[in-house]
Amino acid sequence: MRRPRPEPHSLVGAYALDAITGADRARFERHLATCQACAGELRGLREATAGLAEAVAASPPAEVIDRTLAASARTRQLPAVDRAPAWRAFLRVHRARARWVPAPKRAWRPAPRRLALGLAVVFLAAAAASGAVALSAEHHLGTARLSDHAIAEVLNAPDAVLLTSRVTAGGTATVVMSRRDRALVFTTAGLPALSAGRYYQLWLMGPAGDRPAGVLPAPDRGMTSLVIATGVTAGDWVGLTVEPAPPARHRTSKPILMLSLAA
Amino acid sequence: MREAGPRQVPGTAAGQTRHADLEALIGAVARGDQAAFEAVCARAGSAVFGVVRTVVRDPSQVEEVCQEVLLDVWRAASRFEPGKGSAMAWVTTIAHRRAVDRVRSEHRSAERQLRAASHQVAYDEVTETVETRLDRERVRRCLRSLTSLQRESVTLAYYGGYTMREIAALLAVPEGTVKTRMRDGLIRLRDCLGAR
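**With respect to the side chain of A:E243**
Next up, step 1: For A:E243, the location among the structural elements is in strand β7 (residues 237-243).
Next up, step 2: Although A:E243 is buried, it forms no salt bridge, and the closest oppositely charged side chain is A:R251 at an N-O distance of 6.7 Å.

What follows is the structure in structure tokens.
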């Protein structure tokens, strides 16, 4: 018999106690990312668990502290990022989108694309929730990588804009760009699978020439996880090609996507 | 015990002061301040060590996990958000997560099932060896104000490192019941401990 799936919010206590694992934990975290009430409640419950911790406090052996201090001197710290958790970036993108929709004359955003834009936000948010962005409101440790912080920074940028376009080979590409950071975050959905030894290669193309901007990771359930491209300059386009082997210095095929970054 | 950083001052405002200090110290750690990190270890190290020791048990692993947790605090200090809960909650959350991850990857089922029965005893025994803390007696009094099912659900999860599913099996009650008791128990505990 199948276990009924519990309603996520009510798992807040079990989550605060680290008593749910795997899929349940992931599902609660996805819910948490969109539920301010849960985050508020969790905050309070964490104070209760801190009390439980203090109730069993015991001095660690001095050697443990000595070893820790010595190790810290050799351990790089994570750089500071915009403190908003990644999920909030998506809300901000939502809000930004709401601001642009009435704004006229943006060549890359004709009216019929609004729906696609909305969908793109949804799937970007899903990409984040599925762990493509390994940051969360819960300060996940150990999984955070430098690129994730850079990605979070772009997504959190006050000037972040979201662009989306069809890929001629099939599928959709979505870009969140920050002019301030001169960087963009790129993801796709529904690109055709490639034969072995061939890769999707991202490019920045423009007055400064064509620059390779990374190879797309293998898709997971049809979506590629977020990649970041930096050094975006005025007049650039984002291009996507299929290349025989990475890392390509020069493109060998016609782009299957050309997306103008000019507003 | 190291004499790094100021010692906590007994008295009514001590709890408040101690937590406020820890927040400021973690802010300094985020800027790479080694002395501040030493003070954080002095201030929060015993809560970390206590949680890890209680959950992990195996003495050969406790020190290693404790060190990992404190290094996490060093590495991730810039991620601490003062507006989102106390520094102690942030640190102990890291400690607990690491501790349960360790026990879950190490021992499965049999040994842990055996331990469950003796768990409450072990918890008492652990607290006897603890250094004097202002909060300890209050927490224990608050724990006693929970219903027995709330208390068992909360302590088996927090101190025993058991999952909701395991606790439901151990206590022979539905998972949904354990889930509800955990939440209600923590809410009651939070309210009993009061704003800090």
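**What about the sheet that holds strand β5 (residues 211-215) of chain A?**
Residues and elements named next belong to chain A.
Next up, step 1: Read across the sheet, four strands follow the order β5-β4-β7-β8 without closing on themselves; strand pairing throughout is antiparallel. At either margin of the open sheet sits one strand with a lone partner, and together these are β5 and β8 (257-260). Neighbour-to-neighbour, the strand axes of this sheet turn through a mean angle of 25°, independent of strand direction.
Next up, step 2: Two elements, strand β4 (residues 199-205) and β5, share three bridges in a ladder whose sense is antiparallel. What sits directly across from L204, in β5, is R211.

**Notes on the sheet that holds strand β2 (residues 172-178) of chain A**
Residues and elements named next belong to chain A.
Next up, step 1: With antiparallel pairing, four strands are arranged side by side in an open sheet as β1-β2-β3-β6. Of all the strands in the sheet, just β1 (161-166) and β6 (227-230) have a single pairing partner and so form its edges. Ignoring which end each strand starts from, the neighbouring axes of this sheet average 25° apart.
Next up, step 2: Across seven bridges, β2 lies against strand β3 (residues 183-189) in antiparallel orientation.

**Structural notes on the state of the cysteines**
Next up, step 1: Under the counting rule described, the total for this entry stands at two disulfides over all chains.
Next up, step 2: Here A:C35 is linked by a disulfide to A:C38, with a sulfur-sulfur distance of 2.3 Å. Its torsion about the S-S bond being 80°, the disulfide of A:C35 and A:C38 is classed as right-handed. An identical accessibility class is assigned to A:C35 and A:C38; each is buried.
Next up, step 3: Paired by a disulfide, B:C142 and B:C192 hold their sulfur atoms 2.0 Å apart. The sign of the -75° torsion about the S-S bond sets the B:C142-B:C192 disulfide as left-handed. In this pair, B:C142 sits in helix α7 (residues 134-144) while B:C192 sits in helix α10 (residues 175-193), placing the two residues 50 residues apart along the sequence.
Next up, step 4: Taking relative accessible area as the criterion, B:C142 reaches 0% and is therefore assigned buried.
Next up, step 5: Here B:C41 stays unpaired: no disulfide links it, and the sulfur of B:C66, its closest cysteine neighbor, is 8.3 Å away.
Next up, step 6: Overall, the relative accessible area of 3% leaves B:C41 in the buried class.

**Examining the interface of chain B and chain A**
For an interface, size is often stated in terms of accessible area lost upon the parts coming together.
Next up, step 1: Contacts between the two partners involve 76 residues from chain B, matched on the other side by 65 residues from chain A.
Next up, step 2: Note on chain B versus chain A: buried area summed over both sides is about 6,200 Å², and carbon and sulfur give 58% of it.
Next up, step 3: Considering only the side of chain B, the residues that lose the most area to chain A are B:R75, B:R79 and B:R97, jointly responsible for 13% of the buried surface there.
Next up, step 4: On inspection of chain B and its partner chain A, the count reaches six salt bridges.
Next up, step 5: The interface formed by chain B and chain A holds 25 residue pairs in polar contact (both at pLDDT 80 or more) in total.
Next up, step 6: Here the side of chain B that touches chain A takes 12 residues from helix α2 (residues 34-56) of chain B, the largest share from any one element.
Next up, step 7: Considered class by class, the residues forming the side of chain B that touches chain A number 35 nonpolar, 17 polar and 24 charged.

**Here's the deal with the pattern of salt bridges**
Next up, step 1: Enumeration over the complete set of coordinates arrives at 18 salt bridges over all chains.
Next up, step 2: We note a salt bridge from A:R180 to A:D181, for which the minimum N-O separation is 2.9 Å.
Next up, step 3: Since its relative accessible area comes to 24%, A:D181 is described here as partly exposed.
Next up, step 4: Notably, a salt bridge pairs B:R75 with B:D72, separated by 3.4 Å at the nearest N-O pair. A residue pair is termed a helical-turn pair when its members lie 3 or 4 positions apart in one helix, as B:R75 and B:D72 do in helix α3 (residues 59-76) at three residues.
Next up, step 5: Overall, B:D72 belongs to the buried group, its relative accessible area being 3%.
Next up, step 6: By sharing partners, the salt bridges in this structure join B:E64, B:E68, B:D72, B:R75, B:R98 and B:R102 into a single network.

**Remarks on α2(B)**
Residue and element names in this part refer to chain B.
Next up, step 1: Over its 23 residues, α2 runs only 28 Å from end to end, short of the ideal 33 Å by more than 12%, given 1.5 Å per residue.
Next up, step 2: Along α2, the sharpest kink reaches roughly 55°, centred on A44.
Next up, step 3: Within α2, 19 of the 23 residues are buried, leaving the element largely enclosed by the surrounding structure.
Next up, step 4: Where α2 begins, the capping side chain belongs to D33, and its oxygen is found 3.0 Å from the backbone nitrogen of A35.
Next up, step 5: Within two residues after α2, R57 carries a phi angle of roughly 70°, on the positive side.

Thresholds, definitions, all that
Residues numbered from 1 in each chain as written. Chains lettered and ligands numbered in written order. Predicted model: local features only at pLDDT ≥ 70, side-chain atom pairs only at ≥ 80, totals over all residues. Heavy atoms only, no water. Helix = DSSP H or I, 4+ residues; strand = E, 2+ residues; numbered from the N terminus. Buried < 20%, exposed > 50% of the residue type's maximum accessible area, 1.4 Å probe, protein only. Lys, Arg positive; Asp, Glu negative; His and termini not counted. Salt bridge = Lys/Arg side-chain N within 4 Å of Asp/Glu carboxyl O. Pairing = 2+ DSSP bridges. Axes fitted to C-alpha atoms, helices over the stretch in contact; angles between N-to-C directions. Disulfide = S-S within 2.5 Å. Contact = heavy atoms within 4.5 Å. Buried area = accessible area lost by both parts, 1.4 Å probe. Polar contact = N/O pair within 3.5 Å; in protein donor to acceptor, adjacent residues only side chain to side chain. Nonpolar A, V, L, I, M, F, W, Y, C, P; charged D, E, K, R; others polar. Expected span 1.5 Å × (residues − 1). Bend = angle between axes of the 7 residues up to and from the residue.

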